[in-house]
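Here's the letter readout for the chains.
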Amino acid sequence: MALLPFENMNGDPNQNYLKGIIPSILEEDISSSGVVQVVDRDNLETVLEEQKLQYSGLMNEENALEAGRLLGAKYMLGGSYVFLGQDIFINIDLIDVETGRTRTFSERGYQENTVHALSEKLMEYLTGEASYFQSPEGERSILALKQQEPGTVELFSYIIDARVYIDEEFVGYTTGDRTVPLILKVAPGKHTIRLHLTKNFGVVKLPEVTFSDWEEDFELLPGGKLILEDKTRHFNETLYELQQLIRDDLDLRIQEGDSRKVITESAGFLDRTGQKVDIELSVIWERNQEDPEEAIASVTLKYNGEEHAYRYTSRQGRVDEFEQTIGKVRLEMDLSCRSEWNWELDYSVWRTDVYQGLHREVY
């Protein structure tokens, strides 16, 4: 294969350094495959000089075929690039000297891996087998330093004075004002941001209900701007929201002709093992027609389709509390008859496999 210099489509001489970088990475990948031999650059230049040909004209099909035959190359590989301010669009053209057919491959990015990805496409086309040239080391930018200006990360958080780490390096504290971001200058590329306050704050992973600091991977382009919102919360706040499945109340106002209420509510969750739990609660709350000083709550709780029925009563002037545990939920009822005209029922269903303070036991 004869590898030709690449064309700078922007025409900006400050970007000409990529003419050498891109073909060099391609040549290293192709040569390391052990399958394709790259024509020595000196031999290529000698043939061009003898035939009075220019690099710029070699991707013309007729010239490419002629130069390929003179060099003993089966393929001619050339290409071009366009600098887009934050990354590069790279195009390579592969000409089969025997058939004159051209195959084009393209990638967009700013890292060595961008060129390695082109090499992988090229070698898979030539050999029919997958090749792997990308690596963590290949995440280095191929842009000149002046084209790698830091980007800006604006981090919004309501947490006060949490420690902020980027790639495990401490970079500052959160402002505690969700309307005023912490502004960070960060080198372009892939990074991880993490916040730490105390073991009482962070994020909860579901359905396992495990606890950790909030962290997020991000990629920042040269000179780019990225807005991130901290998801850190107090663990007990999150646990309370997970616990509470159903919660409401019913009033009977007898003077207004209100002597019976019927409700049906449903909820569901994945328990900590990932199993689905479905809940359906039905409540009939009514004044006892035979005994006006008594109110009756007829309750049916379906737990994964299995019915559990209960009957609770309360008399005028009393407050009665009832509680039942079914599977991984707890039913709570609070019945009160403040007067013969005003009767109240508070009801709720809670998860029992999570609870306040759980994070202190497992984190």
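Residues numbered from 1 in each chain as written. Predicted model: local features only at pLDDT ≥ 70, side-chain atom pairs only at ≥ 80, totals over all residues. Heavy atoms only, no water.

Undergrad: How should I be thinking about the packing of aromatic side chains in this particular structure?
TA: Geometry of an aromatic ring pair is reported as the spacing of the ring centres plus the angle between the planes. One pass over the structure, following the stated rule, counts seven aromatic pairs. The interplanar angle of 65 degrees and the centroid separation of 5.8 Å between the aromatic rings of F105 and Y125 together place this pair among those described as edge-to-face. Taken together, the residues span a long stretch of sequence, with F105 in strand β4 (residues 102-109) and Y125 in helix α4 (residues 112-127) at a distance of 20 residues. For Y125, a relative accessible area of 41% puts it in the partly exposed group. (Phe/Tyr/Trp six-rings, centres within 6.5 Å; stacked < 30°, edge-to-face > 60°. Helix = DSSP H or I, 4+ residues; strand = E, 2+ residues; numbered from the N terminus. Buried < 20%, exposed > 50% of the residue type's maximum accessible area, 1.4 Å probe, protein only.)

Undergrad: Help me out: how do you make sense of the layout of surface pockets in this one?
TA: By rolling a water-sized probe across the atoms, one finds the places where empty space is left. Its boundaries defined by the atoms lining it, the second largest pocket holds a volume of some 200 Å³. Around the second largest pocket, the lining is made up of 13 residues, and of these E332, D334, D346, Y347 and S348 lie nearest the centre. The set of elements that each furnish at least two residues to the lining of the second largest pocket consists of β15 (244-253), β20 (319-326), β21 (329-339) and β22 (342-351). In terms of residue count, the dominant contributor to the lining of the second largest pocket is β22 (four residues). In terms of residue class, the lining of the second largest pocket is made up of four nonpolar, one polar and eight charged. (1 Å grid on protein atoms, 1.4 Å probe; cavity = no way out; pocket = protein on both sides within 12 Å on 5 of 7 lines; lining within 4 Å. Points joined across faces, edges and corners; volume = space filled by probe spheres on them. Nonpolar A, V, L, I, M, F, W, Y, C, P; charged D, E, K, R; others polar.)

Undergrad: Please explain empty space enclosed by the protein as it appears in this structure.
TA: Under the counting rule described, the total for this entry stands at one cavity of 30 Å³ or more. Approximately 40 Å³ is the volume found for the largest cavity. Along its surface, the largest cavity is lined by A162, L195, H196, L197, F201, G202, D213, W214 and T232. Looking at the lining of the largest cavity, its residues break down into five nonpolar, three polar and one charged.

Undergrad: Which parts of the structure should I look at to understand the pattern of salt bridges?
TA: Oppositely charged side chains may form a pair once their charged atoms are brought near each other. Counted by the stated rule, this structure contains 19 salt bridges. Here E154 makes a salt bridge to K225, at a shortest N to O gap of 3.5 Å. Here E154 is found in strand β5 (residues 151-156), whereas its partner K225 is found in strand β13 (residues 225-229), with 71 residues between them in sequence. Taking the relative accessible area as the measure of exposure, E154 reaches 14% and is therefore buried. Between E332 and R330 there is a salt bridge, with its nearest N and O atoms 2.7 Å apart. For E332, a relative accessible area of 24% puts it in the partly exposed group. Connected through shared salt-bridge partners, D291, E293, E294 and R315 make up one network. (Salt bridge = Lys/Arg side-chain N within 4 Å of Asp/Glu carboxyl O.)

Undergrad: Could you clarify how one ought to interpret the sheet that holds β20 in this entry?
TA: In a beta sheet, neighbouring strands are held together by backbone hydrogen bonds and run either parallel or antiparallel to one another. In space, the four strands of this open sheet follow the order β15-β22-β21-β20, with antiparallel pairing throughout. The sheet is open, and its two borders are formed by β15 and β20, each paired with just one other strand. When strand polarity is set aside, the average angle formed by the axes of neighbouring strands in this sheet is 10 degrees. Taken strand by strand, helix α5 (residues 235-243) contacts β15 and β22, and its axis lies near 60 degrees from that of β15. (Pairing = 2+ DSSP bridges. Axes fitted to C-alpha atoms, helices over the stretch in contact; angles between N-to-C directions. Contact = heavy atoms within 4.5 Å.)

Undergrad: Please clarify how the pairing of strand β9 (residues 189-196) should be interpreted in this entry.
TA: In summary, the side chains of a regular strand alternate between the two faces of the sheet. Relative to β9, strand β6 (residues 160-166) runs antiparallel, the two sharing four bridges. What sits directly across from I166, in β9, is I193. Bridge analysis of β9 against strand β12 (residues 215-220) gives six bridges, and the strand direction is antiparallel. Within β12, the residue paired with T192 across the bridge is D217.

Undergrad: Can you help me understand the environment of G20 in this one?
TA: Position of G20 relative to the elements: it lies in helix α1 (residues 18-32). The exposure class assigned to G20 is partly exposed, which follows from its relative accessible area of 35%.

Undergrad: Honestly, the sheet that holds β5 in this entry has me stumped. Any pointers?
TA: One open sheet accounts for three strands, arranged β8-β5-β13; its pairing is mixed. This sheet does not close on itself; its edge strands, each paired only once, are β8 (182-186) and β13. The average undirected angle you get between the axes of adjacent strands in this sheet is 25 degrees. Direction of pairing for β5 relative to β13: parallel, over a ladder of five bridges. What sits directly across from E154, in β13, is I227.

Undergrad: Could you clarify how one ought to interpret the nonpolar core in this entry?
TA: One recurring pattern in soluble globular proteins is that nonpolar side chains are buried together. Core analysis: the largest hydrophobic core is formed by 30 residues, its most contacted members being I279, L281, W285, V329, L345 and V349. At the level of elements, β15, β16 (260-270), β17 (276-287), β18 (294-303), β19 (306-315), β21 and β22 are the ones that each hand at least two residues to this core. Ignoring any residue separated from it by four or fewer positions in sequence, one finds W285 in contact with L250, L252, S259, R260, K261, A295, I296, A297, L335, W343, E344 and L345. If you look at the next biggest cluster of nonpolar residues, it comprises 27 residues, including F6, L77, F105 and L143. (Core = buried A, V, L, I, M, F, W, Y, C linked by side-chain atoms within 4.5 Å.)

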